[in-house]
Amino acid sequence: MRRNIAKGSIRPKISTMPRQKSEAAAFLDIYKLVIEKKRLQEELQSIDERRLQIVQRLGVLDQQVGTLEGTVQQMRAAEAADPAIPAHVPYSQPLPDNYDTLFLDY
């Protein structure tokens, strides 16, 4: 389970044991920072790609909504022009006079 981190900042990873000051430690810190930078750039790229997918999907949805709204307007116009056709006819079927009863015990 991940802990909730404040949305305002990205916290760096911390080592539990402090290292002694040396050239190797400095290079290790540089390596860690470069790796984190690369990871964050890849994450940002994937977020941009996802954003583009969402924007494209929203465009498709807008087109579909517009098409369906046009279809509804055409149906309304056709219904207004020919009021003899009822808009909604409820389905009704006569019920039988006798019923077979089945009892189940469990």
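In this report, we go over the structure that sits alongside the text. Since the structure is predicted, the reported quantities are computational estimates derived from the model, not experimental observations.

Parameters at a glance
- Residues numbered from 1 in each chain as written.
- Predicted model: local features only at pLDDT ≥ 70, side-chain atom pairs only at ≥ 80, totals over all residues.
- Heavy atoms only, no water.
- Helix = DSSP H or I, 4+ residues; strand = E, 2+ residues; numbered from the N terminus.
- Buried < 20%, exposed > 50% of the residue type's maximum accessible area, 1.4 Å probe, protein only.
- Areas by Shrake-Rupley, 256 points an atom, 1.4 Å probe, with all protein chains shown as cover.
- Salt bridge = Lys/Arg side-chain N within 4 Å of Asp/Glu carboxyl O.
- Patch = residues over 30% accessible without salt bridge, like charges linked within 9 Å, V, L, I, M, F, W, Y side chains within 5 Å.

**A short note on the overall build of the protein chain**
Piece 1. The helix and strand tally for the protein chain stands at one helix and zero strands.
Piece 2. Here the protein chain, with 106 residues, has 1% of them falling under the buried criterion.
Piece 3. Of the roughly 11,500 Å² of accessible surface on the protein chain, 59% is carried by carbon and sulfur atoms.

**What about the pattern of salt bridges?**
Piece 1. Scanning the entire structure with this criterion turns up one salt bridge.
Piece 2. For Glu43, the salt bridge is made with Arg39, and the minimal N-O distance between the two is 3.4 Å. Taken as a pair, Glu43 and Arg39 lie in helix H1 (residues 23–81) at a separation of four residues, close to a single helical turn.

**Thoughts on a nonpolar patch on the surface**
Piece 1. A cluster of nonpolar side chains, namely Phe27, Ile30 and Val34, defines an oily patch on the protein surface of about 300 Å² accessible area.
Piece 2. By the secondary structure assignment, Phe27 is in helix H1.

Worth remembering: the numbers are spatial, not functional.
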